[in-house]
Amino acid sequence: MKKNHLKIIVSIAFLMLFSACNTVKRVADNQHLLINNNLTINDKKVVNDTISNLLYQKPNTRLPIPYTTIPLRLYLYNTARPNIDSILHADYYSQPEKMKRKSRFLSRKQLEKRIESKANFNRWLKRTGEAPVIVDTALTRKSITRLESYYKTNGWFNAKAKYKINKTEDKKASIDYIITTGKPYTFDTVSSKINSTEVEKIYNEHKDKSLLKAGKQYRISNVYEEEDRIVELMRDNGVYHFSQDYVSFVGDTILGNNKMNIETIIEDRLIREEETSRREPFKIYKVKDVNIYTNSSFKNRNQVIKDTTIYDGYNIYSIGKLKYKPRALTNSVFITPDAVFKDKNRPLTSRKISDLRTFKYPNIDYVENPDTTLTANIFLTPLKKFELEFSAEALQSNIQTIGFSVNPSLLIRNVFNAAETLEISGFTSIGASKDANNDDDKFFDINELGANLKLTIPRLFSPFNTEKIIPKHMFPTTRLTVAASSQTNIGLDKQSFTGSFNYRWYPNNTVTNKLDLFNVQFVKNLNTSNYFNVYDNSYDSLNTIAQTSGFIGTNSNLGIPTEADTFLSLIESGTYDSILSEDDLDTANAINERKQRLTEDNLIFATNFSYVKDRRDNLADEDFSIFKARVELAGNLFSLTSRVLGLEKNADDKQELFNVAFSQYIKTELDYIKHWRLGYKNVLAVRTFFGIAIPYGNSTNIPFSKSFFAGGANDNRAWSAYNLGPGSLETTNEFNEANLKIALSAEQRFNLFGPLNGAIFIDAGNIWNVLDDIEDEEATFSGIKSLKDIAVGSGFGIRYDFNFFVLRGDIGFKTYDPSYSDGNRWFNDYNFSNAVYNIGINYPF
């Protein structure tokens with residue numbers, strides 16, 4: 001019955017869409033629907049988004065999918081009835097008998113609600129849809145004027161444009177825009193006329209950075225940018241009263257040969273008095289005094305300053321006893337006493353003080369003194385020293401039917417009187433396991449407890465002077481983090497400890513550097529006997545082999561953990577070499593190696609450096625690139641000091657610290673993302689990733705937490721997370737990982753209507769083992785020939801933009817599956833039943 005209902009609904013929807021597919025359904029007989037704009041520039045037909053966006057009329061929005069021209073929003077609009085209120089009135093309210101008959105089944109109120117819902121749905125169709133674009137000759141002429149203006153402001157002073165409307169008998173039309181640009185004008189002589197000596201001196205010192213140069217094509221945008229450059233240049237070199245009003249440009253095109261002269265004119269300062277005004281040359285201003293008021297809140301406006309400190313030329317004032325070390329305050333101020341005025345120092349100071357998280361956004365003003373000096377006043381309003389937050393949630397997951405968690409946190413500001421912040425947070429959770437492992441307490445048998453401490457220092461905390469290497473304008477910070485957690489009845493019941501000491505700084509507006517001087521991770525597995533309860537696919541494979549070997553009966557199951565561990569020990573000792581097949585032996589040995597690796601305790605002492613270059617102007621930017629690089633070295637300090645520390649080797653010839661073999665490896669990651677804006681809300685996004693982690697010295701493999709995996713909502717979306725690879729290996733392991741990864745993705749994102757967006761994508765990549773202790777040829781990377789094992793997924797997605805986040809749903813289809821034999825890898829499972837349905841927050845890259 002449900003299937004029949006679904007078929008009826010789908011059929012009705014298709015009928016409605018089909019009836020709307022007549023694009024001229026809402027076009028009057030004397031009107032024409034605009035279906036296309038054709039651009040011809042200098043006798044060549046072109047496609048140019050910049051020029052097309054200048055036109056006042058554009059065809060109805062179409063889905064930006066290759067080889068499709070579906071005006072979906074127009075179809076939605078055509079589905080709506082143009083005069084729904086009159087229709088509903090005629091169908092219902094003007095027919096009393098019909099209303100009476102309907103009222104036998106529905107109350108009057110219910111009937112009116114039903115009629116209202118029809119009207120609201122019709123309004124939604126019109127609001128979500130898009131009215132047909134009717135050719136309007138008045139707007140077409142305005143487009144011609146705009147086109148000519150655009151070309152003339154970009155150097156084509158003799159540009160001409162005209163149009164031709166091509167009408168058809170089916171009430172459709174296209175418009176041809178024919179543009180003849182002529183030759184562009186270029187600068188011949190670039191000169192300047194500056195009256196103020198000081199201004200002329202500054203201008204000439206930086207003349208090589210001018211955007212107006214001889215031989216360069218005239219563009220009005222370059223003139224505006226040159227004006228901004230001059231204003232910024234002057235105000236950052238002491239010309240306090242300088243503004244855009246003093247800069248102008250005069251062009252001369254009488255030379256012929258498409259050449260023009262341009263002159264930059266900078267006038268003297270205009271001083272207005274009561275009844276007169278006069279001009280005089282600009283003067284260079286210096287900042288004489290910098291006053292810092294540490295508690296200038298509104299409630300303290302009438303309080304008397306009782307504590308005054310002079311430090312490094314700065315005057316620091318406090319109503320009560322000063323609670324901050326003077327150096328912590330002055331280190332956050334870029335405005336320097338007895339230095340030339342630089343306007344850029346104000347926003348730098350505001351940003352630095354805000355980053356302290358100790359004060360509200362500062363108020364900074366300058367007071368002009370009679371002797372061409374300035375006094376800078378910085379007013380700070382302290383935030384509360386303590387800030388307590390508390391959150392709680394109820395949750396459900398694949399391991400628990402119900403769970404509850406509590407997350408308190410405390411923020412302490414100005415901990416050591418140098419604007420440091422200390423964050424202390426904790427979490428605790430309890431839950432009911434779906435497996436009910438604990439017979440004594442089957443309800444709340446899962447618990448997790450943890451604590452985290454994070455100290456942030458607003459400078460580089462170092463015994464060395466790093467100001468020359470990383471000056472304060474790079475906004476350096478130091479962060480010390482310590483965390484511990486413990487789990488019960490979750491997986492292998494891990495206890496973990498992590499600690500890190502890192503520096504972060506910003507060399508410029510696009511680059512972020514981070515150096516983890518040390519990053520320590522210690523993980524101890526308390527319940528390794530639960531391994532086969534967690535990794536049940538490995539258990540099923542081992543159980544089948546045990547039945548085949550005769551270790552247990554055909555209808556029996558291996559006991560966990562004793563029988564399973566005993567069977568693995570016998571296989572390792574060679575007892576079953578003559579009984580089991582080579583494939584079964586390989587599978588059992590692989591299960592044993594994986595078990596040992598995933599149940600061993602881990603000790604990682606690493607140092608890493610990361611570099612990020614983000615060219616986004618803002619979060620709304622649709623044309624940018626991001627490059628990320630990261631290098632990590634682990635275990636070298638322990639290896640170099642092993643003799644001093646007296647480290648001993650275990651049975652596997654690995655050195656141990658605290659009875660745990662420490663990890664030693666080098667890991668590198670490269671990640672590049674590029675977005676191209678193809679049109680309005682139409683973006684092509686590409687991502688490439690390469691990562692490799694090579695064990696050496698004290699390690700023969702990479703710790704699980706540092707390895708790579710493939711698949712998932714942000715990776716290859718045709719496979720679930722951890723279900724792809726390694727290589728062409730077809731495995732039933734729950735968590736597949738390796739130490740080499742290649743990932744490539746391309747995605748076109750486009751708007752459907754309103755906040756609803758669509759996407760089509762292709763993902764490619766895989767993981768492999770390389771230079772470690774895995775010898776399976778199918779799983780290892782052996783050179784260029786292994787690239788044939790790169791898996792390819794493709795699909796489409798729907799995204800709903802809530803402004804502050806994007807809810808994303810993607811469907812991925814296995815297009816090229818390397819787990820199949822060579823020659824039979826394309827489109828084997830390319831269907832909805834084998835597709836992977838991904839839900840995510842925000843975009844994958």
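Residues numbered from 1 in each chain as written. Predicted model: local features only at pLDDT ≥ 70, side-chain atom pairs only at ≥ 80, totals over all residues. Heavy atoms only, no water.

## Points about the pairing of strand β33 (residues 806-816)
Most of β33 sits inside the fold, with nine of its 11 residues counted as buried. Here strand β32 (residues 791-801) pairs with β33 via 10 bridges, running antiparallel. What sits directly across from serine 794, in β33, is phenylalanine 813. Where β33 lies against strand β34 (residues 836-841), six bridges are found, and the strand directions are antiparallel. From the neighbouring strand, glycine 809 faces β34, where its bridge partner is isoleucine 839. (Buried < 20%, exposed > 50% of the residue type's maximum accessible area, 1.4 Å probe, protein only. Helix = DSSP H or I, 4+ residues; strand = E, 2+ residues; numbered from the N terminus. Pairing = 2+ DSSP bridges.)

## Examining the sheet that holds strand β6 (residues 247-256)
Pairing is mixed across the open sheet formed by three strands, whose spatial order is β5-β7-β6. Here the strands that pair on one side only, and so sit at the sheet edges, are β5 (186-194) and β6. Sheet twist, expressed as the average angle between the axes of neighbouring strands with direction ignored, equals 20°. Across seven bridges, the pairing between β5 and strand β7 (residues 259-266) is parallel. Looking across to β7, one finds that valine 190 is bridged to isoleucine 262. Here helix α8 (residues 197-205) sits on the sheet and contacts β5 and β7; the angle it forms with β5, its principal contact strand, is near 145°. (Axes fitted to C-alpha atoms, helices over the stretch in contact; angles between N-to-C directions. Contact = heavy atoms within 4.5 Å.)

## A closer look at the packing of helix α13 (residues 536-549) against helix α15 (residues 582-599)
Here α13 crosses α15 at 140°, and the two axes come no closer than 10 Å. In terms of axis orientation, α13 runs oblique to α15. Note that α13 runs across α15; the crossing there is left-handed. Together, Ser538, Ser541, Leu542, Ile545 and Thr548 of α13 and Asp584, Thr587, Ala588 and Ile591 of α15 make up the contact between the two elements. (Parallel < 35°, antiparallel > 145°, perpendicular 65-115°, else oblique. Left-handed = near helix turned anticlockwise from the far one by under 90°.)

## A look at a positive patch on the surface
A cluster of like positive charges, contributed by Lys299, Lys323, Lys384 and Lys385, occupies part of the molecular surface. Inspection of the secondary structure assignment puts lysine 384 in the loop between β15 (373-379) and β16 (386-395). Using a relative accessible area of 68% as the deciding quantity, one classes lysine 384 as exposed. (Patch = residues over 30% accessible without salt bridge, like charges linked within 9 Å, V, L, I, M, F, W, Y side chains within 5 Å. Areas by Shrake-Rupley, 256 points an atom, 1.4 Å probe, with all protein chains shown as cover. Salt bridge = Lys/Arg side-chain N within 4 Å of Asp/Glu carboxyl O. Lys, Arg positive; Asp, Glu negative; His and termini not counted. Charge placed at Lys NZ, Arg CZ, Asp CG, Glu CD.)

## A few points about the packing of aromatic side chains
A complete count under the given rule lists 47 aromatic pairs for this structure. Aromatic pair phenylalanine 551 and phenylalanine 567: ring centres 4.9 Å apart, planes at 35°, arrangement tilted. Of this pair, phenylalanine 551 sits in the loop between α13 and α14 (562-573) while phenylalanine 567 sits in helix α14; the two residues are 16 residues apart in sequence, bridging distant segments of the chain. Residue phenylalanine 551 is classed as partly exposed on the basis of its relative accessible area, which comes to 24%. On the basis of relative accessible area, phenylalanine 567 is assigned to the buried category, the value being 0%. Linked through ring pairs, Tyr531, Phe532, Tyr535, Tyr539, Phe704, Phe709, Tyr722 and Phe735 together constitute an aromatic cluster. Across the ring face of phenylalanine 334, the terminal group of lysine 472 is positioned such that the distance to the ring centre comes to 5.2 Å. (Phe/Tyr/Trp six-rings, centres within 6.5 Å; stacked < 30°, edge-to-face > 60°. Lys NZ or Arg CZ within 6 Å of the ring centre and 35° of its normal.)

## Focus: the sheet that holds strand β4 (residues 172-180)
Within a sheet, adjacent strands bond to each other through the backbone by hydrogen bonds, running parallel or antiparallel. Read from one edge of the open sheet, four strands run β2-β1-β4-β3, paired in mixed fashion. Two strands bound the open sheet, and with one partner strand each, they are β2 (44-46) and β3 (160-167). On average, each strand axis in the sheet is inclined to that of its neighbour by 30°, with strand direction left out of account.

## Looking at the nonpolar core
Formed by 23 residues in total, the largest nonpolar core has its most connected members in Val290, Ile292, Ile335, Tyr366 and Ile378. Elements represented by at least two residues in this core include exactly β10 (286-293), β12 (314-318), β14 (363-368) and β15. In contact with valine 290, not counting residues within four places along its chain, are Tyr314, Asn315, Val333, Ile335, Thr336, Pro337, Ala376 and Ile378. (Core = buried A, V, L, I, M, F, W, Y, C linked by side-chain atoms within 4.5 Å.)

## With respect to the packing of α8 against helix α9 (residues 220-235)
Contact pair α8 / α9: the axes reach a minimum separation of 10 Å and the direction vectors enclose 115°. The chirality of how α8 crosses α9 is right-handed. Here Val199, Ile202 and Tyr203 of α8 come into contact with α9, specifically with Glu226, Arg229, Ile230, Leu233 and Met234. Residue composition of the contact of α8 with α9, grouped by class: six nonpolar, no polar and two charged. (Nonpolar A, V, L, I, M, F, W, Y, C, P; charged D, E, K, R; others polar.)

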